[in-house]
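Summary of structural features
Letter by letter, the chains look like this.
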Amino acid sequence: MKDNEKMEMIKAGIMQLRGKQIMIAEFMGGKLDPNDDSVVIFKTHFGNQIFPIEELDYHESWDMLMPVVKQCRIDSRSEHDEDIFWDAIHWSLEECCIKKTYEAVVKFIYHKF
């Protein structure tokens, strides 16, 4: 594999991660800044909070990911309905694996919203 091919694959991976982070942020109520697509704006009771996309660590931080998991649970279904996308999140939590939980959350949001 040539160096430029490796660089393209690295760039594609970064863009894929960026897209997932934005999708999660929007699911949680954030909006891309129309004047600066490198930040996401969350409206709060105290005013707008601005986060650089590079600082959205849903894929590495349980502190950031767990509120998303909670929102997925709220949006998923009642206790007795089957939901394969919520079930994937549930089982990934059983394994305590942030990588699997993150990917399950991404799939949930992608397929549900």
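Attention here is on the structure that accompanies the text. (Residues numbered from 1 in each chain as written. Predicted model: local features only at pLDDT ≥ 70, side-chain atom pairs only at ≥ 80, totals over all residues. Heavy atoms only, no water.)

1. Here's the deal with the overall build of the protein
Assigned secondary structure in the protein consists of four helices and three strands. Along the protein, helices and strands appear, N-terminal first, in the series α-β-β-β-α-α-α. By the burial criterion, 30% of the 113 residues in the protein qualify as buried. Total accessible area computed for the protein in this model is approximately 8000 Å², and 56% of it derives from carbon and sulfur atoms. (Helix = DSSP H or I, 4+ residues; strand = E, 2+ residues; numbered from the N terminus. Buried < 20%, exposed > 50% of the residue type's maximum accessible area, 1.4 Å probe, protein only. Areas by Shrake-Rupley, 256 points an atom, 1.4 Å probe, with all protein chains shown as cover.)

2. Examining the nonpolar core
Counting residues in hydrophobic clusters, the biggest one holds 22 residues, and the most contacted among them are Tyr58, Val68, Cys72 and Val105. Broken down by secondary-structure element, the contributors of at least two residues to this core are α1 (3-27), β2 (36-44), α2 (62-76), α3 (84-94) and α4 (98-112). Here this core gets seven residues from one element, more than from any other, and that element is α4. Sequence-distant contacts of Val105, defined by excluding residues within four places in its chain, comprise Ile24, Leu65, Val68, Val69, Cys72 and Ile89. (Core = buried A, V, L, I, M, F, W, Y, C linked by side-chain atoms within 4.5 Å. Contact = heavy atoms within 4.5 Å.)

3. A look at the sheet that holds strand β1 (residues 31-33)
As summarised here, the arrangement of the three strands in space is β1-β2-β3, forming an open sheet in which the pairing is antiparallel. Edge strands, defined here as strands with exactly one partner in the open sheet, are β1 and β3 (47-52). Each neighbouring strand pair of the sheet contributes to a mean axis angle of 40°, computed without reference to strand direction. Strand direction decides the pairing type here: β2 and β3, joined by six bridges, are antiparallel. The partner of Lys43 across the bridge, within β3, is Asn48. (Pairing = 2+ DSSP bridges. Axes fitted to C-alpha atoms, helices over the stretch in contact; angles between N-to-C directions.)

4. A few points about the packing of α2 against α3
At their nearest, the axes of α2 and α3 sit 10 Å apart, and the two run at 140° to each other. On the basis of their axis angle, the class for α2 and α3 is oblique. The handedness of the crossing between α2 and α3 is left-handed. Contacts between α2 and α3 pair Trp62, Met66, Val69, Cys72, Arg73 and Ser76 from the former with Trp86, Ile89 and Leu93 from the latter. (Parallel < 35°, antiparallel > 145°, perpendicular 65-115°, else oblique. Left-handed = near helix turned anticlockwise from the far one by under 90°.)

5. Notes on the environment of Val68
Relative to the helices and strands, Val68 is located in helix α2. Using a relative accessible area of 1% as the deciding quantity, one classes Val68 as buried. In this structure the C-alpha to C-alpha distance between Val68 and Tyr102, which are 34 residues apart in sequence, comes to 9.5 Å. With residues near it in sequence (within four places) discarded, Val68 still touches Ile24, Phe27, Met28, Tyr58, Val105 and Ile109.

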